[in-house]
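Descriptive analysis of the structure
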4 protein chains.
Amino acid sequence: MRIESRSSVGPWRSEARVRAWEARTALALTGLAVLFLAVYAIPILWPDLPAGWRSRCEVANVLIWAAFAADFAIRIAIHPRRWAFVRTHLFDLAVLLLPVLRPLRALRVVTAVLALGRRGGAWARGRLAVYVGGTTVLLVVVAALAVLDAERGHPDSNIGSYPDALWWAAVTITTVGYGDHFPVTVAGKWVALGLMVGGIGLIGFVTGTLASWIVDRVSTADRPQDATKADIEAVLAELAALRAEVNQLRSPS
Amino acid sequence: MRIESRSSVGPWRSEARVRAWEARTALALTGLAVLFLAVYAIPILWPDLPAGWRSRCEVANVLIWAAFAADFAIRIAIHPRRWAFVRTHLFDLAVLLLPVLRPLRALRVVTAVLALGRRGGAWARGRLAVYVGGTTVLLVVVAALAVLDAERGHPDSNIGSYPDALWWAAVTITTVGYGDHFPVTVAGKWVALGLMVGGIGLIGFVTGTLASWIVDRVSTADRPQDATKADIEAVLAELAALRAEVNQLRSPS
Amino acid sequence: MRIESRSSVGPWRSEARVRAWEARTALALTGLAVLFLAVYAIPILWPDLPAGWRSRCEVANVLIWAAFAADFAIRIAIHPRRWAFVRTHLFDLAVLLLPVLRPLRALRVVTAVLALGRRGGAWARGRLAVYVGGTTVLLVVVAALAVLDAERGHPDSNIGSYPDALWWAAVTITTVGYGDHFPVTVAGKWVALGLMVGGIGLIGFVTGTLASWIVDRVSTADRPQDATKADIEAVLAELAALRAEVNQLRSPS
Amino acid sequence: MRIESRSSVGPWRSEARVRAWEARTALALTGLAVLFLAVYAIPILWPDLPAGWRSRCEVANVLIWAAFAADFAIRIAIHPRRWAFVRTHLFDLAVLLLPVLRPLRALRVVTAVLALGRRGGAWARGRLAVYVGGTTVLLVVVAALAVLDAERGHPDSNIGSYPDALWWAAVTITTVGYGDHFPVTVAGKWVALGLMVGGIGLIGFVTGTLASWIVDRVSTADRPQDATKADIEAVLAELAALRAEVNQLRSPS
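What you are looking at is a predicted structure, and each value in this text was computed from that prediction instead of being measured.

**Details of the overall build of chain A**
A tally of helices and strands in chain A yields ten helices and zero strands. The linear arrangement of helices and strands in chain A, starting from the amino end, is α-α-α-α-α-α-α-α-α-α. Within chain A, the fraction of its 253 residues that count as buried is 45%. For chain A, the computed accessible surface area is about 12600 Å², with 68% contributed by carbon and sulfur atoms.

**Comments concerning the environment of Ile76 of chain C**
All names here are of chain C. Secondary-structure assignment places Ile76 in helix α3 (residues 51-78). For the pair formed by Ile76 and His89, sequence separation is 13 residues and the distance between their alpha carbons is 9.9 Å. Filtering out sequence-adjacent residues up to four positions away, Ile76 remains in contact with Arg82, Phe85 and Val86.

**Thoughts on the pattern of salt bridges**
All names here are of chain C. Counted under the stated rule, the structure contains twelve salt bridges over all chains. Residue Arg75 pairs with Asp71 through a salt bridge whose shortest N-O separation is 3.4 Å. Taken together, the residues span about one helical turn, with Arg75 and Asp71 both in helix α3 at a distance of four residues. Assigned by exposure class, Arg75 and Asp71 land together as buried.

**Quick notes on the side chain of Asp180 of chain D**
Of note, Asp180 of chain D is situated in the loop between α8 (162-173) and α9 (186-222). There is a polar contact of 3.0 Å between the side chain of Asp180 of chain D and the side chain of Trp167 of chain D. Apart from the residues lying within four places of it in its own chain, the contact partners of Asp180 of chain D are Phe182 of chain C together with Asn158 and Trp167 of chain D.

**Some remarks on the nonpolar core**
Leu145, Ala165, Trp168, Leu195 and Met196 of chain C together with Tyr178 of chain D are the most contacted members of the largest nonpolar core, which totals 45 residues. Elements supplying a minimum of two residues to this core: α2 (15-45), α3, α7 (125-151), α8 (162-173) and α9 (186-222) of chain C together with α8 of chain D. For this core, the leading source of residues is α7 of chain C, giving eleven residues. Non-local contacts of Tyr178 of chain D, meaning those with residues more than four positions away in its chain, are made with Tyr178 of chain A, Trp168, Thr172, Gly177, Tyr178, Gly179, His181, Phe182 and Met196 of chain C together with Trp167 and Val171 of chain D. Counting 43 residues, the second-largest nonpolar core is a separate cluster that includes Val140, Leu145, Val147 and Met196 of chain A.

**Some points on the UniProt feature "transmembrane region" (unreviewed entry) in chain A**
All names here are of chain A. According to UniProt, the feature "transmembrane region" (unreviewed entry) maps to residues 21-42, 62-78, 128-148, 160-178 and 190-215 in the numbering used here. Along residues 21-42, the helical share is 100% and the strand share 0%, with 31 Å between the first and last C-alpha atoms. Between the C-alpha atoms that bound residues 62-78 there is a distance of 25 Å. The span itself is 100% helix and 0% strand.

**Let's talk about helix α2 (residues 15-45) of chain B**
Residues and elements named next belong to chain B. Counted at 1.5 Å a residue, the expected span for α2 with its 31 residues is 45 Å, and the 43 Å between its end C-alpha atoms agrees. The principal kink in α2, of about 45°, is found at Thr25. Listed as buried for α2 are Val18, Glu22, Thr25, Leu29, Ala33, Phe36, Val39, Tyr40, Ala41, Pro43 and Ile44.

**Side note on the packing of aromatic side chains**
Per the counting criterion, the structure on display carries 16 aromatic pairs over all chains. With a centroid separation of 6.1 Å and 20° between ring planes, the pair formed by Trp167 of chain A and Tyr178 of chain A is classed as stacked. Of this pair, Trp167 of chain A sits in helix α8 (residues 162-173) while Tyr178 of chain A sits in the loop between α8 and α9 (186-222); the two residues are eleven residues apart in sequence, bridging distant segments of the chain. Feature note: the residues Trp167 and Tyr178 of chain A together with Phe182 of chain D constitute an aromatic cluster, connected by ring pairs. The positively charged end of Arg56 of chain A is found above the aromatic ring belonging to Trp53 of chain A, 4.6 Å away from the centroid.

**Brief notes about the packing of helix α2 (residues 15-45) of chain D against helix α3 (residues 51-78) of chain D**
Residues and elements named next belong to chain D. Put simply, α2 and α3 touch, their axes get as near as 9 Å, and they point 160° apart. By the angle between their axes, α2 is roughly antiparallel relative to α3. Crossing geometry of α2 relative to α3 is assigned as left-handed.

**Examining α8 of chain C**
All names here are of chain C. When the terminal C-alpha atoms of α8 are compared, their 16 Å separation across twelve residues agrees well with the 16 Å that a helix rising 1.5 Å per residue should span. Burial within α8 is extensive, with ten of its twelve residues counted as buried. Along α8, the residues classified as buried are Tyr162, Asp164, Ala165, Trp167, Trp168, Ala169, Ala170, Val171, Thr172 and Ile173. Phi for Thr175, located one or two positions after α8, is positive at around 60°.

**Things to note about a nonpolar patch on the surface**
Taken together, the side chains of Ile42, Leu45 and Trp46 of chain B make up a nonpolar region of the molecular surface, amounting to roughly 260 Å² of accessible area. If you trace the backbone, Ile42 of chain B turns up in helix α2.

**Some points on unusual backbone geometry**
Despite not being glycine, Thr175 of chain B has its phi angle at roughly 60°, a positive value. Along the chain, the position of Thr175 of chain B falls in the loop between α8 (162-173) and α9 (186-222).

**Some thoughts on the environment of Gly194 of chain C**
All names here are of chain C. With respect to the helices and strands, the residue Gly194 is situated in helix α9. The class of Gly194 is partly exposed, set by a relative accessible area of 32%. For the pair Gly194 and Leu139, spaced 55 residues apart in sequence, the C-alpha separation works out to 9.2 Å.

**Re the confidence of the model for chain A**
Residues and elements named next belong to chain A. Predicted confidence across chain A gives a mean pLDDT of 76, with 72% of residues reaching 70 or more. Residue range residues 1-7 is modelled with pLDDT below 50. Its contacts to residues more than four positions away, or to other chains, number zero contacts. Note on residues 119-123: pLDDT under 50 across the span, and 13 contacts to partners over four residues away in sequence or across chains. In the predicted assembly, ipTM is 0.70 and pTM is 0.77.

Conventions used here
The numbering scheme is per chain: residues are counted from 1 as the chain's sequence reads. Chain labels run from A onward and ligand labels from 1 onward, assigned in the order the entries are written. Thresholds applied to this predicted model are a pLDDT of at least 70 for local features of residues and 80 or more for the giving and counting of side-chain atom pairs; totals over whole chains, interfaces and linings are not thresholded and use all residues. Note that water and hydrogens are dropped before the side-chain values are worked out from all heavy atoms of the structure. Per the convention used, a helix needs a DSSP run of H or I reaching at least four residues, while a strand needs a run of E reaching at least two, with both numbered from the N terminus. Relative accessible area decides the class of each residue, using a 1.4 Å probe on protein chains only: under 20% of the type maximum gives buried, over 50% gives exposed, and in between gives partly exposed. Only the protein chains shown count as cover for residues, with accessible areas throughout obtained via the Shrake-Rupley method and a probe of 1.4 Å. Any two residues whose heavy atoms approach within 4.5 Å are treated as being in contact. Salt bridge, as used here, is a side-chain nitrogen of Lys or Arg placed within 4 Å of a carboxyl oxygen of Asp or Glu. Whenever a nitrogen or oxygen atom comes within 3.5 Å of another N or O atom, the pair is scored as a polar contact, on the condition that within protein one atom can donate a hydrogen and the other can accept it, and that pairs from neighbouring residues in sequence are kept only if both atoms are in side chains. As used here, the term nonpolar core means buried Ala, Val, Leu, Ile, Met, Phe, Trp, Tyr and Cys residues forming a set that is joined through side-chain atoms within 4.5 Å. UniProt positions are given in the numbering used here, feature names are shortened, and annotations may be inferred rather than shown by experiment. Expected helix span is taken as 1.5 Å per residue step, with the number of steps being one fewer than the number of residues. Here the bend at each residue means the angle between axes fitted to two seven-residue stretches, the one ending at that residue and the one beginning there. Put simply, two rings from Phe, Tyr or Trp (the six-membered ring, in Trp's case) pair if the centres are within 6.5 Å, and we call them stacked under 30 degrees between planes, edge-to-face over 60, tilted for the rest. Remark: a charge is flagged as sitting over a ring if the NZ atom of Lys or the CZ atom of Arg is within 6 Å of the ring centre and within 35 degrees of the ring normal. Axis definition: a line fit to C-alpha positions, over the contact stretch in the case of helices; interaxial angles, taken between N-to-C directions, run 0 to 180 degrees. Comment on the angle field: the value is read as roughly parallel under 35 degrees, roughly antiparallel over 145, roughly perpendicular from 65 to 115, and oblique elsewhere. By convention, the crossing between two helices is left-handed when the near helix turns anticlockwise from the far helix through less than a right angle, and right-handed when the turn is clockwise. Patch construction takes residues with relative accessible area above 30% that form no salt bridge. Like charges are linked within 9 Å, and nonpolar side chains (Val, Leu, Ile, Met, Phe, Trp, Tyr) are linked within 5 Å. In predicted models, pLDDT denotes the confidence assigned by the predictor to each residue on a 0 to 100 scale.

Below is the structure:
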């Protein structure tokens, strides 16, 4: 009874259990995200897919969404402070609510991978570079699928095939923007907006990483070295030795 | 009489009073800025608005401008060093003088919000990100209104609706620039210039924030820790203890 | 004779004299650069200028170039180590040699201002921002003049007036590049290249300044303060006092 | 026999031998890379080259590739830990495998120069700037050759001459992207992708270098100076002197 009076949550609710659940499900969820990309991409890349396979892909799409929703619900359920968990996982929540808008549904693959990535701990620069590079390629591949899905069939569209869509996505994310291909539908323009914002973020990451690398390389070469904690410890050791000697003076015996 | 000889300004003029006034009026001015956006946007978004409502919006527009001017005049009046106040508030002054150019008037909403933001104290990185993100969205929304106001009616114009104008603003601020929509009037080009300069500033902010985040993350992981003020205080405490012991040696009694 | 044996250069050659000359001529050279801009701009902005005024502008153009060349020659002449001076002033030398290519001549105004700027000492961030902003505006104004000079008269040209040229320059330096105006002549393309390289440098400066401002703001708020030289001096003062007391112990008299 | 038991590699395999080989061959390989550029460029710039010279260029192209492959094989052969060498030289390996795709073959010149550059030691900021600038110019020149090779002959192509191709490359790498010229073939689009990624990297380098320069300039002017290792050494010297005096107290005579 004493435990219950300390806390109103059941004994099966703890942060350690949430972490254990996340570690156990990480691999399966990554696999589901890859499968989601496949069942999303197939009906777009093969427009003349038989209706049976088309509906099977749609069912798989919804089932995978349900699996992600269940994972989120379970993590809320076993967390001791539920509102705090939701507040710090608004990103994961957005991942779940995004598919309501069909043309943006594909971006869920990217956000799912991003959300999985955030489960990890601290970042080294090398791992960060691989992660940013991989996310960028994924963003281009998925945005090209989504824009093709939105634009194909519109009479004024100038994006009619997946190679066209990939080329458009690359030209957009690098902010080159030739204007040989551009979306004309509202859904396609929303996909483009996501890609542009991603492109600016990408440039920021690349530039920031390069800048921090250059600042480190250049500053250690040119500037006098800063005093470190280890230096202060050497001073403190020296002081302790001095104090011992002064103590010996006081009681020389 | 002694107080008057110390200072030539009246007792109702002090920096504390200016700060108190700013704190009291901040909420009301933010509300007025939002209202300004509404009365600016409505006649542009509904081109077939009855003339009565159109003129009412124009009157509200001028009245809100007068309220901002009055706030600035009062702050000058109660500040002890008036010229110094004007010199450090050139930005607020520009906000007031901008509406002389009608097509640029809409940008006053953005600058008003920026000026209100500057009344706050220090910035944390998170608050800065929210502020930059919000300003960017506001800049896009307002620039799209202004460019639509300037371009609609021109025979060569290729921006004819608000969705077109929003899409143009997003493509411009990210420096993608497809060229499917672009301003052809002089007023529209000035709006575009403001948007481009804002876009570069935005990229600078995003990149700078990411860079400072990466520099922090990477450097604390890889580099030896720098000596801090707390370390020096430990050394000084050790020295003080040693000095006390030496003092005891001198007067051992 | 002893002085002459120490050095083979005449007594009228010294770095102090070069600095004195530069301080004395700075104002006059800035005035000449402004005049250069005027005599360069007038024949381009008024294509139907009478031939007499046109040739007078051309003569003034050449005379101002000669004045800059004379200034450089004098500075070489009175410097004690002539080759070292040329090696560290390759930028000024390029400013003088650029006008050989007529379409690029206008960029000399920008480079002249840059060269004058380099005569100053250290940079504060605020002064740097004003300098970068001013240089950018000057670069846009001058590049628009140069591209108009190069493009006007070409049958396929789509830049036919100075407002068009200014708009093109702004769209290019911000790397937006709508494609509504672009140079078609070789000379115009070289001007565009200069503007693009300038645009990247500008973004770099703006981003770098913002990044350094954010790094400063954020790091002083979040991080423990680093130990400064002043802290170390407090430690040394404390040690000196302690040593004085120990000395008194040795000779207590 | 004892040496053999310590290590299974022959005595002719050591890192010192690899370094000696690299130092000896650096000049020859740089010369071969320049020659490669020549034999690659000539058949593209002179489309009506006689078939004899065309095939001679192709033979030289293959022979130079073989020389680079032999250099890599020799470095693997004389390195004591072969797999570690391959793992840390994946970039050099990619340089060798790239030419399988003919249109991308030209980029090997850039990567070869990059790979040679990596053989050097630490970077100073000035050397880095020269290296980045040189690589950028080389990337533009080579990408223009490759895109001309890919696009010429295609009926819809809008890049028909080397000046056109150079202008397209400059407009692309700066991310301006007017849209007056753009690749329409798959090979040309791959070349464009390489150029865009290079352009973002270039902006990152330029921005990072400028940022680190500004951070250094501004921080040393505005901020209190950090405590350096030299300061700590002054404290330690002072402490040693004090300790010597205390020691004299203990054994005064």
